[in-house]
Every structure is written in structure tokens, then in C-alpha cells.
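Fold and contact review
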Amino acid sequence: MTCVDDLKEYVGIKAACEHLGVARASYYAKTKNYQRKTKITSPKVQPRALSAAERNDILQMCNSERFCDQAPASIYATLLDKGVYLGSISSFYRILREQGQVHER
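All figures in this text were calculated on a predicted structure; none of them were measured in a lab. (Residues numbered from 1 in each chain as written. Predicted model: local features only at pLDDT ≥ 70, side-chain atom pairs only at ≥ 80, totals over all residues. Heavy atoms only, no water.)

This part takes up the overall build of the protein chain. Looking only at helices and strands, the protein chain features six helices and zero strands. Counting helices and strands in the order they occur from the N terminus, the protein chain gives α-α-α-α-α-α. Taking 2.2 N^0.38 as the reference for a compact globule, 105 residues should give roughly 13 Å; the C-alpha atoms of the protein chain span a radius of gyration of 29 Å, well beyond that estimate. Here the C-alpha coordinates of the protein chain stretch approximately 85 × 25 × 20 Å along the principal axes. Considering the protein chain as a whole, with its 105 residues, one finds that 17% of them fall into the buried category. Counting contacts in the protein chain only where the partners sit at least 6 residues apart, residues at least 24 apart contribute 38% of the total. (Helix = DSSP H or I, 4+ residues; strand = E, 2+ residues; numbered from the N terminus. Rg over C-alpha atoms; globule rule 2.2 N^0.38 Å. Buried < 20%, exposed > 50% of the residue type's maximum accessible area, 1.4 Å probe, protein only. Contact = heavy atoms within 4.5 Å.)

Counting residues in hydrophobic clusters, the biggest one holds 10 residues: I58, L59, C62, F67, I75, Y76, L79, F92, I95 and L96. Of all the secondary-structure elements, those providing two or more residues to this core are helix 4 (52-63), helix 5 (72-81) and helix 6 (89-98). Ignoring anything within four residues of it in the chain, the contact list for Y76 reads Y85, G87, S88, I89 and F92. (Core = buried A, V, L, I, M, F, W, Y, C linked by side-chain atoms within 4.5 Å.)

With that settled, the discussion passes to helix 5. Since one α-helical turn is 3.6 residues long, residues separated by three or four positions face the same way. Within helix 5 the residues assigned to the buried category are P72, I75, Y76 and L79. Down the axis of helix 5, the sector holding all buried residues measures 100°, keeping them to one side. In this fold, the buried residues of helix 5 make contact with helix 4 and helix 6. The first or second residue beyond helix 5 is G83, which carries a positive phi of 85°. (Arc of directions from axis to C-beta.)

Running from N to C, helix 2 (residues 13-20) and helix 3 (residues 24-31) cross one another at 110°; their axes reach a closest spacing of 9 Å. The orientation of helix 2 with respect to helix 3, classified from their angle, is roughly perpendicular. Between helix 2 and helix 3 the crossing geometry is right-handed. Contacts from I13, K14 and C17 in helix 2 reach R24, Y27 and Y28 in helix 3. Residues of the contact of helix 2 with helix 3, tallied by class, amount to four nonpolar, no polar and two charged. (Axes fitted to C-alpha atoms, helices over the stretch in contact; angles between N-to-C directions. Parallel < 35°, antiparallel > 145°, perpendicular 65-115°, else oblique. Left-handed = near helix turned anticlockwise from the far one by under 90°. Nonpolar A, V, L, I, M, F, W, Y, C, P; charged D, E, K, R; others polar.)

All told, the structure shown has three aromatic pairs when counted by the stated rule. A ring pair is formed by Y27 and Y28, whose centres lie 5.6 Å apart and whose planes are at 65°; its orientation type is edge-to-face. Classification of Y27 by relative accessible area gives buried; the value is 2%. Its relative accessible area of 34% is what places Y28 among the partly exposed residues. (Phe/Tyr/Trp six-rings, centres within 6.5 Å; stacked < 30°, edge-to-face > 60°.)

Considering the arrangement of structural elements, one finds C3 in helix 1 (residues 2-11). Taking the relative accessible area as the measure of exposure, C3 reaches 46% and is therefore partly exposed. The spacing of C3 and R55 is 52 residues in sequence and 61 Å in space, taken between C-alpha atoms.

Honestly, it's all geometry; don't read function into it.
See below:
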């Protein structure tokens, strides 16, 4: 970048960067007090996400004595046959995965 600084007085920044094979954006980023302006935000909560109580209901149902040895897809199907809908199959898997219970339980 010092070479660009030396040449810019004679040929300009654009020509100096082209001649030395340096990208102008890189030159400006290095020479100016360049700071990236990014916001640090927390992850957004989806409005359709299950509440903590609903997630707890699914977890309790999966860990109940009746369903403790069944796969989430079979628990979902059994509950749906009885007219009970707690969430989708993927929700069952997601909640169990967060608790480390997807494999042998």
C-alpha cells in the first residue's frame, strides 16, 4: 500500500492501483479508518414458533410411559389417529434433538 501512496501523487489512485495490481477497494479499506458497519442482533423468534408450553407438551408426550420406546413419526401417527395434534413430525424430531433424545431413548 505504500507503493500506491507513493505513486498516487503522480498518476492518481486509480492508475496506481491498476499498475500495481491492487484493488482500489482494498487500498481504501487499508488506508482509511475503515470499519464494517454491521449490526449485531439477536436471532429473531418466528411468530409461528411453538410456545414453551407446547414444546413441553410434546416432550412430555414423547417421554410418557406409553410412547417412550417409539419413534417420533409413530407417536405423531398414533396421536393423530386419536384426533390429537401437538405439532408436526419435524417439530417432534426437532424438540427431541434439542434434548439429545433422537437416538435410543
